[in-house]
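Coordinates in review
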Amino acid sequence: MGKTGLQLSVLSFGSWVTFHKQIDDSISDELMGIAYDNGINFFDNAEVYAGGESEKMMGRVLKKKGWDRTSYTVSSKAFFGWRGKANKPNQTGLSRKHLVEACHEALQRLQLDYLDLFFCHRPDKNVPIEEVVWTMNHLIQQGKILYWGTSEWSGVEIMEAHRVAAQLGLIGPSVEQPQYNLLERHKMEREYFDIFRTVGMGTTIWSPLASGLLTGKYNNGIPESSRFALEGFDWLVNRWMAEEKLAKVKQLTEFANGLDVPVATLSIAWTIKNPNVTTTILGATKKEQLTENLKALDVLPKLTDEVLQQIDDIIGTKPVMPEY
């Protein structure tokens, strides 16, 4: 993971949307078991997922499994709070008060003594970055977290955190959790380019399938049991269900068929082909779905320079890098 020496499996398992909302304890127990047995050692979560219920569910599964704590890593994220519309002041954001309390609450819900990774789920424009760095340093010194990171921060904000950390002799962020997929590339490939080159940074990327769009299942409309049909996820539909994007996905689906690979597996393999991706977070509601997605590792050899160029030609989202 960046320059930390921490080893994360190249594919990992996340709980956003699925845990509590789409699957129950028995299914999450089965899926986490399959993930772990296939070498996945990173499980991703956040305070806001299902209003804290996602962390409780993962905590119950981890307790039941009884795996050696040194054999896996778990994350949480703080910013949005877990109470939704009932959030009061200081129950959201990146103030020292909320970060410390969110960390304690995550540990209780997950039934763990420490978090391996703790993310600032978004930047907080109301809190000086210096304050955030100090708080995360305190939590590391107290043994409550091992590494801290950012999620969806700008390159400027991440470098400011490193500047502050270096100036004060504190521990800076070592990992970022950005969205990265064939339709969303600018941040990872252009904005963070110099961060990877200079201070180094691990990445735990989310939504490798653009919330399911890159599975091809929305090519002919929205299936009833899908994420886009869930209440409260209209914003995802508005973001992804555009004719232009669907046309590209249909073309990519045909291309994947020609390679004899499911388009979802090809799309996941494409993300882990990027050397700056530490781990790609998978989300699944069914055993078959997870097993299929795990085959992305087998697809990697097919991603030759020629194939990657053909994918770029179809999708047309590759960022233009500065000539200098």
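Everything here concerns the structure above.
Described in the following lines is the structure provided in the data block. Treat the numbers as computed from the prediction; the structure is a model and nothing was measured.

A full pass over the atoms with the stated rule returns 18 salt bridges. Note that Lys56 is salt-bridged to Glu53, the shortest N-O span being 3.4 Å. With Lys56 and Glu53 both in helix H2 (residues 53–65), this residue pair falls three residues apart, about one helical turn. Notably, a salt bridge pairs Lys125 with Glu157, separated by 2.4 Å at the nearest N-O pair. On the criterion of sequence distance, the pair formed by Lys125 in the loop between strand E4 (115–120) and helix H4 (129–141) and Glu157 in helix H5 (residues 155–168) is long-range, its members being 32 residues apart.

Bringing the sheet that holds strand E3 (residues 73–78) into the picture now. Taken in spatial order, the eight strands of this closed barrel run E1-E2-E3-E4-E5-E6-E7-E8, and their pairing is parallel. Judged from the two bridges that link them, strand E5 (residues 145–150) and strand E6 (residues 175–176) form a sheet pairing that is parallel. By the bridge assignment for E6, Thr150 is matched with Glu176.

Attention shifts here to unusual backbone geometry. The phi torsion of most residues other than glycine is negative, and most of the peptide bonds are trans. Here the phi dihedral of Gln111 falls at roughly 55°; this positive angle occurs in a residue that is not glycine. Locating Gln111 in the fold gives a position in the loop between helix H3 (96–110) and E4. Since its relative accessible area comes to 41%, Gln111 is described here as partly exposed. A positive phi angle, close to 65°, is found at Asp260, a residue other than glycine. With respect to the helices and strands, Asp260 occurs in the loop between helix H9 (243–258) and helix H10 (263–273).

A regular strand places its side chains on the two faces of the sheet in alternate fashion. The side-chain alternation of strand E7 (residues 202–205) yields two buried faces, one formed by Gly202 and Thr204 and the other by Thr203 and Ile205. Looking at chain direction, E6 and E7 are connected through two bridges and run parallel. The residue bridging Glu176 from the neighbouring strand is Thr203, located in E7. The pairing of E7 with strand E8 (residues 279–282) spans two bridges and is classified as parallel. By the bridge assignment for E8, Ile205 is matched with Thr280.

This paragraph deals with the packing of H4 against H5. At a minimum axis distance of 9 Å, the contact between H4 and H5 shows a crossing angle of 65°. The two elements H4 and H5 meet at a crossing, and its hand is right-handed. For the pair H4 and H5, the contacting residues are Ile129, Glu130, Val133 and Trp134 in the first and Glu157, Glu160, Ala161, Val164, Ala165 and Leu168 in the second. In terms of residue class, the contact of H4 with H5 is made up of seven nonpolar, no polar and three charged.

Rules used throughout
Numbering of residues starts from 1 in each chain and follows the order in which that chain's sequence is written. Thresholds applied to this predicted model are a pLDDT of at least 70 for local features of residues and 80 or more for the giving and counting of side-chain atom pairs; totals over whole chains, interfaces and linings are not thresholded and use all residues. Excluded from the side-chain calculations are hydrogens and water; all other atoms, namely the structure's heavy atoms, are used. Here, a salt bridge means any Lys or Arg side-chain nitrogen found within 4 Å of an Asp or Glu carboxyl oxygen. To qualify as a helix, a DSSP run of H or I must reach at least 4 residues; to qualify as a strand, a run of E must reach at least 2; elements of each kind are numbered from the N terminus. Strand pairing follows a simple DSSP-based rule, namely that at least 2 bridges must link the two strands. Type-normalised accessible area, obtained with a 1.4 Å probe on protein chains alone, sets the label of each residue: buried when under 20%, exposed when over 50%, and partly exposed for intermediate values. Here an axis means a line fitted to C-alpha atoms, over the contact stretch when the element is a helix, while the angle between two N-to-C directions is reported on a 0 to 180 degree scale. Handedness of a crossing is defined here by the sense of rotation of the near helix relative to the far one, left-handed for an anticlockwise turn of less than a right angle and right-handed for a clockwise turn. In this analysis, two residues are considered to be in contact whenever any of their non-hydrogen atoms come within 4.5 Å of each other. Under the grouping applied here, Gly and all other residues not named as nonpolar or charged are polar, the nonpolar ones being Ala, Val, Leu, Ile, Met, Phe, Trp, Tyr, Cys and Pro and the charged ones Asp, Glu, Lys and Arg.

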